[in-house]
Structures are given as structure tokens and as C-alpha cells.
Amino acid sequence: MKKRFYMQGILYFLLIAGIFIVVLPMVYMLSTSLKPNGALYEFPPKFLPTFKQITLENYNYIIRQSKFYINFLNSVLVSSVTVLLVAIIASALGFVIARFEFPGKSFLFAFIMLTMIIPGMTLIVPQYELAVKMNTINKLLGLIPFYTAWVIPYSTFMIKGFVVNIPRELDEAIYMDGGSIITVFAKVILPLARAGIASVSIFNFLTAWEEFPWANTVINDDRIRTLPIAISGFFGQHQFTQWGYVFALSALSLIPVLLIFIFFQRFFVAGLTTGSVKG
């Protein structure tokens, strides 16, 4: 009994410690964004601002910058189009792999799985050469094909797990009524696999929303930069980095992410608990 009590105590301690480690950087970001820039260098340093120090000066500065809205809309456009394309392509691939037998099926699925374990940074040179040939350098929409290609393997793998769990009898009922494969896909697979599609779409949105190295490599024009590049632009912009501006912009960039998690939380949970049960 005592051993079980001690084990539970250790488990709760580890959980609390893990939550503390995860939440601490965000708390520090928010607290710093509410301080005057000069207060960051005070000694001794203070983790949280005093009541008199709290100010919205950093947020006012960011909001007054017209390029903030441009960068924000650029990120929204790239992330949204990426999510939409991947949802369509990965759903179709997952449907085909889960429902049909064809030559090379095992090789195709193995190849998709293999691409999931390749670090993205190892491909940055061939991807850059491909971007040059596709004439997508320094073009906002040029980010979308690459972001889409990055997340299709994971999305296909997850959605396939949902499709496998859908009874084949539903497909057969559509076929008996004269329906086609497209009808099955549109009226059976997409509605019943929507939890899986929504859950992977959250991850895909985060991938496109947060991505920095590739966008920073191929985009040089301030007008078509995304938010992560805009945030990096504050480093060394003045004589020293204005961390208040950096953290204020970072906090504002979290708003769409938080809204997505709030509104699609039930799909996210369903995707984690159901998608990989079978298949």
C-alpha cells in the first residue's frame, strides 16, 4: 500500500514538473511582453513584472506596424491553403491504400512511411534547387507545395487508420445503389473520417504556421514574409534586441493557434485516441 502511495506521489510530482517546464517559457514570454523594454535588463532580474511596470506599450507598437498585418495575413494564407490541399490529397491517398489492392501498394505505403523519418533539414539543398527550377523563390505561394509535401506522409498514415475502421459494408451499399468510387469517398469516407482529418489538419496548420528555416531561405521580400520571419527581424534591429517587441509579437502569433485548439479540441482528442487503433 505504501509502495503504491509512493509511486503515485512520484507520478504526480513528475506530471507537475512536466507541466511547470512546459508552461514556464510561455509565462515568461507573456510577463516580458508586459514590461517596458528597459525593465528586462534590471538587476536583480524579476520573473514577473510589478503592478506599476505592467504596460501595453509593446503590443501598441506591434499593432501600429502595418507590416504586422501583412505578415499575419501571409501566414494565414499559406497555412490555410496548405491545410486544405493536404486534407484532400491525404484523404484520397488514405482511402485508396485502405480500401484497394493494386500492384506496388506495399511499396507505396512503405515509401510513405520512410519519408516520415527523414529529417527535413537534410533535404534543404535539393529542395532549394527544385524551388529554383519551379521559379518559386521569393514567392509566397511557393511555400505551399513544399509545406504540403512535408506533411502528406504523416497525414496519409493517420487518415488511413480512420478509413480502415470504417465498415466496408457502407461502401458496398453505395456501389449497389449505382454509386461510384467518388461517391463513396465523398459521402462515406470524408464524413466518417472527419475527426481524423480535423486532427491532422491541426498539426498541419501548426507546421505551416511555425515554419521558419525554409521560409527564411527562399523569401527575402518584407511584403511576403510570414510571421516567424517577422519575429526574427526584431533581433538586432536596434542597438540591442527589443525583447518586449519580440515577445509581444510572439504572443499575438499564438492567438490563431489557441483558437484552433479551442474550437477543434474534440476532433483533436478523437484523432489521438482513435486514428491509430487499427491499420
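Structural notes, computed from the coordinates.

Parameters at a glance
Residue positions are given per chain, counted from 1 along the sequence in the order it is written. Per-residue local features of the predicted model are confined to residues with pLDDT of at least 70, and side-chain atom pairs are confined, for both listing and counting, to 80 or more; whole-chain, interface and lining totals are unaffected and use all residues. Processing note: side-chain calculations cover all non-hydrogen atoms of the structure and skip hydrogens and water entirely. A cavity, in this analysis, means grid points on a 1 Å lattice covering only the protein atoms where a 1.4 Å probe fits yet has no way out; a pocket is instead an open set bounded by protein on both sides within 12 Å along at least five of seven lines, and a residue lines either one if it has an atom within 4 Å of a point. Grid points are joined across faces, edges and corners, and a volume is the space filled by probe spheres set on the points. Going along the chain from the N terminus, every DSSP run of H or I of four or more residues is numbered as a helix, and every run of E of two or more is numbered as a strand. The salt bridge definition used is simple: a Lys or Arg side-chain nitrogen within 4 Å of an Asp or Glu carboxyl oxygen. Pairing of aromatic side chains here covers Phe, Tyr and the six-membered ring of Trp, requires ring centres within 6.5 Å, and sorts the geometry by plane angle: under 30 degrees stacked, over 60 edge-to-face, intermediate tilted. Think of it in three bands: residues with accessible area under 20% of the maximum for their type are buried, residues over 50% are exposed, and the middle band is partly exposed, with areas taken using a 1.4 Å probe on protein chains only. What makes a nonpolar core is a set of buried Ala, Val, Leu, Ile, Met, Phe, Trp, Tyr and Cys residues whose side-chain atoms join them at distances within 4.5 Å. Two residues form a contact once any of their heavy atoms are found within 4.5 Å.

In this section: empty space enclosed by the protein. With the rule as written, the count across this model stands at 2 cavities of 30 Å³ or more. The volume enclosed by the largest cavity comes to roughly 50 Å³. Around the largest cavity, the lining residues are Ile62, Gln65, Lys67, Phe68, Asn71, Leu227, Ala230, Phe234 and Leu249. Listed by contribution, the elements that provide at least two residues to the lining of the largest cavity are α3 (66-99) and α11 (227-232).

This part is about the pattern of salt bridges. Following the criterion strictly, the structure yields 4 salt bridges and no others. For the salt bridge of arginine 225 with aspartate 222, the shortest nitrogen-to-oxygen distance reads 2.9 Å.

What follows deals with the packing of aromatic side chains. A full pass over the atoms with the stated rule returns 13 aromatic pairs. Between tyrosine 147 and tryptophan 150 the ring centres are 5.3 Å apart and the planes differ by 50 degrees, which places this aromatic pair in the tilted class. With tyrosine 147 and tryptophan 150 both in helix α6 (residues 143-164), this residue pair falls 3 residues apart, about one helical turn. A relative accessible area of 2% means that tyrosine 147 is categorised as buried.

Quick look at the nonpolar core now. Counting residues in hydrophobic clusters, the biggest one holds 23 residues, and the most contacted among them are Ile62, Phe68, Phe234 and Leu249. With 7 residues, helix α12 (residues 243-253) is the largest single contributor of residues to this core. In this view, phenylalanine 234 contacts Tyr61, Ile62, Thr241, Gln242, Tyr245, Val246 and Leu249; residues no more than four positions away in its chain are not counted. Judged by nonpolar contacts, the second largest core, of 21 residues, contains Ala98, Ile152, Met158 and Ile189.

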